[in-house]
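# Examining the three-dimensional arrangement
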Amino acid sequence: MKHHQPYLSAEALGIEDWEREELIGLWPKLMADTIEVDMHQAASDCGTICCIGGHMALSHGISVLGARRYVQNNEPLSELFFPDRTINFQHSGWRAKAPQAGQAILNFLTTGKPDWDGVMSKA
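Residues numbered from 1 in each chain as written. Predicted model: local features only at pLDDT ≥ 70, side-chain atom pairs only at ≥ 80, totals over all residues. Heavy atoms only, no water.

### What about the overall build of the chain?
When its secondary structure is counted, the chain shows seven helices and zero strands. Beginning at the N terminus, the succession of helices and strands in the chain can be written as α-α-α-α-α-α-α. Of all 123 residues assigned to the chain, the portion counted as buried reaches 46%. Residue pairs in contact within the chain that sit at least 24 positions apart in sequence constitute 52% of those at least 6 positions apart. Only carbon and sulfur atoms are counted for the fraction: they give 51% of the accessible area of the chain, which is about 6400 Å². (Helix = DSSP H or I, 4+ residues; strand = E, 2+ residues; numbered from the N terminus. Buried < 20%, exposed > 50% of the residue type's maximum accessible area, 1.4 Å probe, protein only. Contact = heavy atoms within 4.5 Å. Areas by Shrake-Rupley, 256 points an atom, 1.4 Å probe, with all protein chains shown as cover.)

### Observations regarding the packing of helix α3 (residues 52-59) against helix α4 (residues 64-72)
Running from N to C, α3 and α4 point in directions that differ by 130°, and their axes come no closer than 9 Å. One way to sum up the angle between α3 and α4 is to call them oblique. Two packed elements cross with a definite hand, and for α3 against α4 that hand is right-handed. Between α3 and α4, the contacting residues are G53, G54, M56, A57 and L58 on the first element and V64, A67, Y70 and V71 on the second. (Axes fitted to C-alpha atoms, helices over the stretch in contact; angles between N-to-C directions. Parallel < 35°, antiparallel > 145°, perpendicular 65-115°, else oblique. Left-handed = near helix turned anticlockwise from the far one by under 90°.)

### Some details on the confidence of the model for the chain
With 82% of its residues at a pLDDT of 70 or more, the chain shows a mean pLDDT of 84. The secondary-structure element of the chain with the lowest mean pLDDT is α4, recorded at 83, while helix α1 (residues 10-13) shows the highest, at 96. (pLDDT = per-residue confidence, 0-100.)

This is the structure we're talking about:
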């Protein structure tokens, strides 16, 4: 297992090593706005499911159908995948642009919490 500083370990985050590595690879791409993100759609035009989790799953080789199941059944990452832990789209995090999603991932990797409220208050 690689341990990148200043990120928390996979164990401290309560996730698998591969999930941590996917998040470490994903957040800079989102911050640079080089990939599509659509937190509001269940399946966006880029083919991902709930965007962050979909990008992670598809990058890891999980099928689109498997990605949907992965996102919907992932309790350790549900706070990151679902800004208000629901699918009612009331929280402003559902309208996040790629850089805001990247910041939420970086927050999660360094503190264990995505802090969607803080991310979106700066939007």
